[in-house]
Amino acid sequence: MFITFEGPEGSGKTSQIPPLVDFLRAQGVDLFPTREPGGTPISDQVRSILMNMDNQAMHPRTEILLFCASRAQIVEQVIRPKLAHGCTVLCDRYADSTLAYQGYGHGLDKVFLRELLEFTTGGLWPDCTILLDIDVQQGLQRKQQCRGEWNRLDAYELAFHERVRQGYLEMAHQQPERWQIVDASQSQEAVQQTLRSILLNRLASRAR
Ligand code: TYD
C-alpha cells in the first residue's frame, strides 16, 4: 500500500509521522517512511537547490521541473522497489504537492501538470492520501515558532498559501475514496489518534 501525507505549511506532518511510523510498525506493518523532495542522494541534491533562500530568482517552471526530477528518481529508486517487495510506503508529500503548490498556488495549468506528473511517476498514484488541514496563518505561525526553519517556499505570500490550502481541499473533495481530511488544529495527541485509526482501518480493509 502506498500512503502519502499532504498539507499546507505547519500542518504538523513532520511531528506526526515519526510516532505514527513507530505505532504502525509495532502493529506488525512492514513500513518504509520517506519524504519529498528528497529520499535518495540525487533527490536530496535537487532538494537543496529548491529550498535555498539564495535562489529567489527561480521561475515557477524551473521549480516544477526540479520537483519532478527529484520525484522521478525516488519513484524508480525507492518507492516502486519497496512496493514490489510488499512494503507499505509512507511518503511525506508527493505529486499532489505539485498540483497544490505549483498548480493552485502559482496558477499553472493543472491539466498539463497532471500529464507531467503521469510522466514523472510512470502513473504511480497513492492508494491513500491524508490531508492535514490547517488555517494558513495558524500553520505559518506554528512553523516559524516551533522549528525556526524557513525555506524559500515558506516565504511566498499569504495569498499563495491560501490558494494551496483551497487546492488541497478541492482535490480531496474530488476523490474522497483516496483522500482523508484530518483537522490538524486539534491537539497533537488527538491528531495522532485519528491518524492511527484511519490507517489501521485502511490497512485492514486492504488486507481483506
Ligand atoms: P519541507 O521543509 O519538506 O516542508 P514541509 O515540512 O512543509 O513538507 O519543504 C517542502 C516544501 O516544498 C514545502 O513548502 C512544499 C513545497 N513543495 C512544492 O511546492 N511542490 C512539490 O511538489 C513538493 C513535493 C513540495
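What counts, and at which threshold
- Residues numbered from 1 in each chain as written.
- Predicted model: local features only at pLDDT ≥ 70, side-chain atom pairs only at ≥ 80, totals over all residues.
- Heavy atoms only, no water.
- Helix = DSSP H or I, 4+ residues; strand = E, 2+ residues; numbered from the N terminus.
- Rg over C-alpha atoms; globule rule 2.2 N^0.38 Å.
- Buried < 20%, exposed > 50% of the residue type's maximum accessible area, 1.4 Å probe, protein only.
- Contact = heavy atoms within 4.5 Å.
- Areas by Shrake-Rupley, 256 points an atom, 1.4 Å probe, with all protein chains shown as cover.
- Near = heavy atom within 4 Å.
- Polar contact = N/O pair within 3.5 Å; in protein donor to acceptor, adjacent residues only side chain to side chain.

What follows is about the overall build of the protein. In terms of helices and strands, the protein carries eight helices and five strands. Across the protein, helices and strands are ordered from the amino to the carboxyl terminus as β-α-β-α-α-β-α-α-β-α-α-β-α. Over its C-alpha trace the protein gives a radius of gyration of 16 Å, about what one expects of a compact globule, namely 17 Å for 208 residues. Summarising its shape, the C-alpha atoms of the protein cover approximately 50 × 35 × 30 Å along the three principal directions. A buried classification covers 50% of the 208 residues belonging to the protein. Expressed as a percentage of contacts within the protein between residues at least 6 apart in sequence, the contacts between residues at least 24 apart total 78%. Counting every atom, the protein has about 9800 Å² of accessible surface; 52% of that belongs to carbon and sulfur.

Turning to unusual backbone geometry, a few remarks are in order. Cis rather than trans, the peptide bond between Glu 36 and Pro 37 has omega equal to -15°. Inspection of the secondary structure puts Pro 37 in the loop between strand E2 (31–35) and helix H2 (41–51).

With that settled, the discussion passes to the site of the ligand. Surrounding the ligand, one finds 19 residues, the nearest of these being Glu 9, Lys 13, Arg 93, Thr 98 and Gln 102. With respect to the ligand, the side chain of Glu 9 contributes an N or O atom lying 2.7 Å from an oxygen atom. In this structure, Gln 102 approaches the ligand through a side-chain N or O atom, which is 2.9 Å from a nitrogen atom. Within the complex, 97% of the 540 Å² of free accessible area of the ligand lies under protein. Looking at the shell around the ligand, the elements that each hand over two or more residues are helix H1 (13–26), H2, helix H3 (60–84), helix H4 (95–105) and helix H6 (136–147). With four residues, the top contributor of residues to the shell around the ligand is H4.

So, about the side chain of Asp 92. Among the secondary structure elements, Asp 92 is positioned in strand E3 (residues 88–92). Setting aside residues up to four positions removed in sequence, Asp 92 forms contacts with Phe 5, Lys 13, Thr 14, Ile 17, Thr 34, Arg 35 and Glu 36.

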